[in-house]
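The chain contents come next:
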Amino acid sequence: MKKIRTSSIATLTLLAGIGFSSSSVLAFGTADTVDQSPLATEFRNLDTNSNDLLTPAEASKDKLFTKKHFKAADVDGDGTLDQKEYSEYKSKDQQKNAKRVINDSVITSKIKANILKDEGFKGLEISVETHNGVVQLSGFVENKAQIERAKEIAAGTEGVKSVHNSLIVKG
């Protein structure tokens, strides 16, 4: 019984020590912590005068921040961007771009699957690329009918805005 009690006391002491150490680290680490996120680093690199604000000239070194985008990001309308304004606007743009890439990938996958399922295309190599809903078909087919059929399949896919058909008949 004595061993169990000693071991329990040792465990409690150890846990109390870890708890104290962790809270000490947290207490000392939070006040002086510098945001190390990629967007915060980008912001600091653009902030050439180190005043924690970006002027239009500083922000323009980031290709996203044209005059139009700078104005949209400047939520408080003070003519500068603080780190929060910069990061939130940049993050929304990155999310929008990621969504576009995902949507384009889904469109490409659907078109490829439908071409493979179609009886007239077995074993043929057709490349499908999509950007902002615009589809580019390229590669070689056996006849002109396959060129038209591939275009029909692509154009009939949800999310497709237009199709550029560069397929060529072998021969």
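Cut-offs used in this document
- Residues numbered from 1 in each chain as written.
- Predicted model: local features only at pLDDT ≥ 70, side-chain atom pairs only at ≥ 80, totals over all residues.
- Heavy atoms only, no water.
- pLDDT = per-residue confidence, 0-100.
- Contact = heavy atoms within 4.5 Å.
- Helix = DSSP H or I, 4+ residues; strand = E, 2+ residues; numbered from the N terminus.
- Phe/Tyr/Trp six-rings, centres within 6.5 Å; stacked < 30°, edge-to-face > 60°.
- Salt bridge = Lys/Arg side-chain N within 4 Å of Asp/Glu carboxyl O.
- Buried < 20%, exposed > 50% of the residue type's maximum accessible area, 1.4 Å probe, protein only.
- Core = buried A, V, L, I, M, F, W, Y, C linked by side-chain atoms within 4.5 Å.

**Student:** Can you lay out the confidence of the model for the protein for me, pointing to particular residues and giving the numbers?
**Tutor:** Mean pLDDT over the protein stands at 83; residues scoring 70 or higher make up 78%. Across residues 1–31, where pLDDT falls below 50, the model places zero contacts with residues more than four positions away in sequence or in other chains.

**Student:** Before we move on, could you go through the side chain of Thr157 and cite the residues and values that matter?
**Tutor:** With respect to the element layout, Thr157 can be found in the loop between α6 (144–155) and β3 (162–169). Beyond its immediate sequence surroundings of up to four residues, Thr157 is in contact with Ile107, Lys110, Ile111 and Asn114.

**Student:** Explain the packing of aromatic side chains to me, and be specific about the residues and the numbers.
**Tutor:** Applying the stated criterion across every chain, the model contains three aromatic pairs. Three or more aromatic residues joined by ring pairs make a cluster, and in this case those are Phe43, Phe65, Tyr86 and Tyr89.

**Student:** Provide a residue-level description of the pattern of salt bridges, including the pertinent values.
**Tutor:** With the rule as written, the count across this model stands at six salt bridges. In this structure, Asp62 and Lys90 form a salt bridge, with 2.5 Å as the shortest nitrogen-oxygen distance. On the criterion of sequence distance, the pair formed by Asp62 in the loop between α3 (56–59) and α4 (67–73) and Lys90 in helix α5 (residues 83–117) is long-range, its members being 28 residues apart. Grouping residues by exposure puts Asp62 and Lys90 together as buried. The partner of Asp104 in a salt bridge is Arg100, with the nearest N and O atoms 2.9 Å apart. Of this pair, Asp104 and Arg100 both sit in helix α5, four residues apart, which is roughly one turn of the helix.

**Student:** Let's hear about the nonpolar core: which residues, and what values?
**Tutor:** The nonpolar side chains of soluble globular proteins are, as a tendency, buried together. In terms of nonpolar packing, the biggest core is built from 16 residues, with Ile111, Ile115, Val135 and Leu137 touching the most fellow members. Elements with a contribution of two residues or more to this core: α5, β1 (126–131), β2 (134–141), α6 and β3. With four residues, the top contributor of residues to this core is α6. With sequence-adjacent residues up to four places away left out, Ile115 is seen in contact with Phe121, Ile126, Val128, Ala150 and Ile153. Listed in part, the 11 residues of the second largest apolar core include Ala59, Phe65, Ala73 and Leu81.

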